[in-house]
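# Fold and geometry: a report
Take a look at the letters that make up each chain.
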Amino acid sequence: MSLDSLQDATILQLQEGLSKGLFTSVDLVKAYIARTHEVNPELNAIISIGPAAFQAARELDAERKAGHVRSILHGIAVAIKDTIATRTEDGMDTTAGSFALQGAIVPGDATCVKRLRDAGAIILCKTNLSQFGNFRGVAAGGWSSVGGQCTSPYFPRGAPSGSSSGSAVAVAAGLAAFAIGGETGGSIISPATRCAVVGIRPTVGLIPGDGGVPITSSRDAFGPMCRTVLESATVLEVLSDRSGQYTSQLPRRLDGVRLLVPTNIRPPSDTHWSNADLTEGHKELFKQACQELRELGAELVEVELSEDFIQTDHDSEARQTCMETEFVQEINQYLESLGHVPSGVRSLKDLIQYIKDDPRESPPYYDTCTTFESALARPGLNSEEYLESKEKLDRSKEYIETELQKHSCQAFVMLSAVTSIWSDAGWPQVTVPMGFLGSDTTITSAQVTDKHGNTVDAPLKLFNTHPNQPGGMTFAGAGFSEADLIRIAHAFEQATKFRRQGKTYPDATAKTQLPDVV
């Protein structure tokens with residue numbers, strides 16, 4: 001069979017194989033499930049596999065045989081982050097990684113899932129994550145009580161970052177054709193970078209945000225995580241109901257494009273995203289990637305950003321105030337919207353008590369739920385504290401637009417690390433692989449704060465920096481500039497094809513391929 005391995009096969013290649021009758025969607029589901037059984041004990045990327053996936057595949061195969069193909073996603077298997085609701089009849093819970101939500105009845109599919117299903121995608125599995133989107137408290141990226149500790153497929157016990165850890169790992173390891181992640185502040189961009197996949201964090205509101213276990217609707221966004229920019233753009237069109245808007249006229253060169261390169265953005269001071277430890281190796285990869293952009297015709301404008309921009313980007317106190325205050329209202333509304341909840345949890349107060357009472361929710365390396373408790377203590381949406389913080393962060397859009405306009409640039413280009421001002425603005429970012437660290441890279445241990453406030457090594461001795469670690473380049477813009485960012489990212493990706501340079505380590509490399517199940 002002439003087809004790339006399932007670790008590299010694109011949606012377009014899979015669709016071609018299906019249309020030629022080389023295999024069926026049932027075969028695809030069989031292969032992905034077999035691959036998951038092979039490597040998931042090592043990676044902990046998948047929380048649950050849908051028992052309804054085979055029936056969906058059979059029905060979609062029958063539609064294809066009858067001459068009806070719904071879209072480019074017809075019969076293609078997708079992994080969904082376990083904060084995004086999938087209908088109960090699929091047989092998979094929506095847990096946010098917590099036993100508190102295991103067995104809870106959601107009202108139905110999130111709109112983004114319904115759009116995928118209507119387009120013919122097979123909802124295959126739910127992916128592991130940093131529990132509650134890494135908002136419960138400080139912990140190792142990719143840990144949840146239900147799913148365990150997710151790890152990178154590129155180095156044994158490598159930190160995968162979070163919170164959409166399992167979605168990124170599932171794509172990198174070929175456990176699904178593509179995945180959907182969710183981001184409030186780095187949760188798509190950061191793990192996509194760590195797993196050498198393409199991640200798009202879209203403008204808030206481009207994709208309906210209903211049906212997710214929330215942090216705050218002013219920043220929460222769902223987005224595609226795929227192996228290529230074209231695939232990510234294709235999925236984004238389905239999720240946003242904008243056919244052809246992001247996949248047409250993708251260029252090979254960037255002549256006339258001006259990109260703003262900030263010289264004074266520094267990584268955030270905290271390291272819970274596991275992407276703040278940018279080494280000299282990462283910086284060298286970025287330098288080389290910038291040269292590739294120049295060779296494609298782009299003009300790179302190096303700029304020292306205004307102090308207002310930098311201060312807003314690093315105003316963690318105002319950001320936490322806003323997020324925690326909004327979270328209380330939204331998580332309470334979400335919990336109240338559920339049908340039967342076996343744990344009895346119906347409010348944030350209930351959730352905190354459940355976590356404290358259930359020993360499975362509080363392993364020794366995890367603080368109990370400090371962020372939840374801090375949020376519960378906030379004075380509310382009408383408080384002076386909240387309103388002043390919101391006013392500060394609301395200026396983020398102005399600062400981004402000002403820099404782009406002042407320097408006549410279409411987008412920013414940066415090392416893929418968490419840049420919080422884009423989360424505050426709710427504006428888009430696209431990350432693309434830009435290479436891998438060498439075999440001589442110094443290994444450093446990831447660290448977290450335990451429930452006693454002590455800094456300790458992360459569980460399983462996770463490695464924050466390691467050989468063969470992927471690096472990413474992020475293109476970021478103003479609101480609803482996804483089309484421009486995708487064009488730039490596509491040209492860069494096609495000229496470099498950096499993802500192909502890295503290999504997953506043996507125990508993280510599944511052996512089952514389509515010929516084994518056809």
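Residues numbered from 1 in each chain as written. Predicted model: local features only at pLDDT ≥ 70, side-chain atom pairs only at ≥ 80, totals over all residues. Heavy atoms only, no water.

### Regarding the overall build of the protein chain
- Secondary structure summary: the protein chain contains 17 helices and 17 strands in total.
- Taken over the C-alpha trace, the protein chain has a radius of gyration of 21 Å; the compact-globule value for 518 residues is 24 Å, and the two agree within 12%.
- Dimensions of the protein chain, computed from the C-alpha atoms along their principal axes, are close to 60 × 60 × 45 Å.
- Looking at the protein chain residue by residue over its 518 residues, the buried ones come to 61%.
- Carbon together with sulfur atoms contributes 48% to the accessible area of the protein chain, which is approximately 18700 Å² in total. (Helix = DSSP H or I, 4+ residues; strand = E, 2+ residues; numbered from the N terminus. Rg over C-alpha atoms; globule rule 2.2 N^0.38 Å. Buried < 20%, exposed > 50% of the residue type's maximum accessible area, 1.4 Å probe, protein only. Areas by Shrake-Rupley, 256 points an atom, 1.4 Å probe, with all protein chains shown as cover.)

### Looking at the pattern of salt bridges
- For the structure shown, the criterion picks out 27 salt bridges.
- Between K126 and D82 there is a salt bridge, with the nearest N and O atoms lying 3.3 Å from each other. Note that K126 is positioned in strand β3 (residues 122–127) and D82 in the loop between β2 (77–81) and α4 (111–118), a separation of 44 residues in sequence.
- On the basis of relative accessibility, which here comes to 0%, the residue D82 falls in the buried class.
- For the salt bridge of E89 with R87, the shortest nitrogen-to-oxygen distance reads 4.0 Å.
- One salt-bridge network, in which partners are shared between bridges, spans R87, E89, D90, D109 and R117. (Salt bridge = Lys/Arg side-chain N within 4 Å of Asp/Glu carboxyl O.)

### Quick notes on the packing of α4 against helix α8 (residues 229–240)
- Relative to each other, α4 and α8 sit at 110°, their axes nearing to 8 Å. When the axes of α4 and α8 are compared, the pair comes out roughly perpendicular. For α4 against α8, the interelement crossing comes out right-handed. Residues C112, R115 and L116 of α4 form the contact with α8, whose participating residues are V235, V238, L239 and S240. (Axes fitted to C-alpha atoms, helices over the stretch in contact; angles between N-to-C directions. Parallel < 35°, antiparallel > 145°, perpendicular 65-115°, else oblique. Left-handed = near helix turned anticlockwise from the far one by under 90°. Contact = heavy atoms within 4.5 Å.)

### A look at the packing of aromatic side chains
- Following the criterion strictly, the structure yields 10 aromatic pairs and no others.
- Centroid distance F309 to W422: 6.1 Å. Interplanar angle 65°. Geometry classified as edge-to-face. Of the two residues, F309 is situated in helix α10 (residues 307–313) and W422 in helix α16 (residues 420–425); the sequence distance between them amounts to 113 residues. Comparing F309 with W422, the two get one shared label, buried.
- One aromatic cluster is present, formed by F132, F135, F327 and F372 through successive ring pairs. (Phe/Tyr/Trp six-rings, centres within 6.5 Å; stacked < 30°, edge-to-face > 60°.)

### Observations concerning the confidence of the model for the protein chain
- Taken over all residues, the pLDDT of the protein chain has a mean of 94, while the share at 70 or more is 96%.
- Element-level pLDDT for the protein chain is lowest in strand β14 (residues 447–449), with a mean of 77, against a maximum mean of 99 in β2.
- This stretch, residues 268–276, has a pLDDT under 50; its non-local contacts, to residues over four places away or in other chains, come to 31 contacts. (pLDDT = per-residue confidence, 0-100.)

### A short note on the nonpolar core
- Counting 106 residues, the largest nonpolar core has L116, F178 and F475 as the members making the most contacts within it.
- Sorting elements by how many residues they give to this core places helix α2 (residues 25–43) first, with eight residues.
- The contact partners of L116, leaving out residues within four places of it in the chain, are L73, V78, I80, A121, I123, F178, I180, V235, V238 and L239.
- Membership of the second largest hydrophobic core comes to 28 residues, among which are F99, A100, V213 and I355. (Core = buried A, V, L, I, M, F, W, Y, C linked by side-chain atoms within 4.5 Å.)

### What to know about the environment of F372
- Structurally, the position occupied by F372 is in helix α13 (residues 370–376).
- Counting along the chain gives 237 residues from F372 to F135, while the straight-line C-alpha distance between them is 7.4 Å.
- In contact with F372, other than residues within four places in its own chain, are F132, F135, R136, F327, L348, L351, I352 and I355.

### Some thoughts on the side chain of T216
- Counting through the fold element by element, T216 comes out in the loop between β7 (198–201) and β8 (221–226).
- The exposure class of T216 is buried, given its relative accessible area of 0%.
- Polar side-chain contacts of T216 include one of 2.9 Å to the side chain of S218. (Polar contact = N/O pair within 3.5 Å; in protein donor to acceptor, adjacent residues only side chain to side chain.)

### Describing the pairing of strand β6 (residues 178–183)
- With six of its six residues buried, β6 lies for the most part within the structure.
- As defined by bridge partners, β6 adjoins β8 across five bridges and the pair is classed as antiparallel. Counted as the bridge partner of G182 is F222 from β8. (Pairing = 2+ DSSP bridges.)

### Focus: unusual backbone geometry
- With an omega of 10°, the peptide bond between G162 and S163 qualifies as cis.
- Among the structural elements, S163 can be located in the loop between β5 (148–149) and α6 (165–173).
- Even without a glycine there, the phi angle at A196 is positive, about 55°.
- As for its placement among the helices and strands, A196 is situated in the loop between α7 (189–194) and β7.
- Of note in the backbone geometry, K461 takes a positive phi value of approximately 55° without being a glycine.
- Relative to the helices and strands, K461 is located in the loop between β15 (455–457) and β16 (463–465).
- The exposure class of K461 is partly exposed, given its relative accessible area of 37%.

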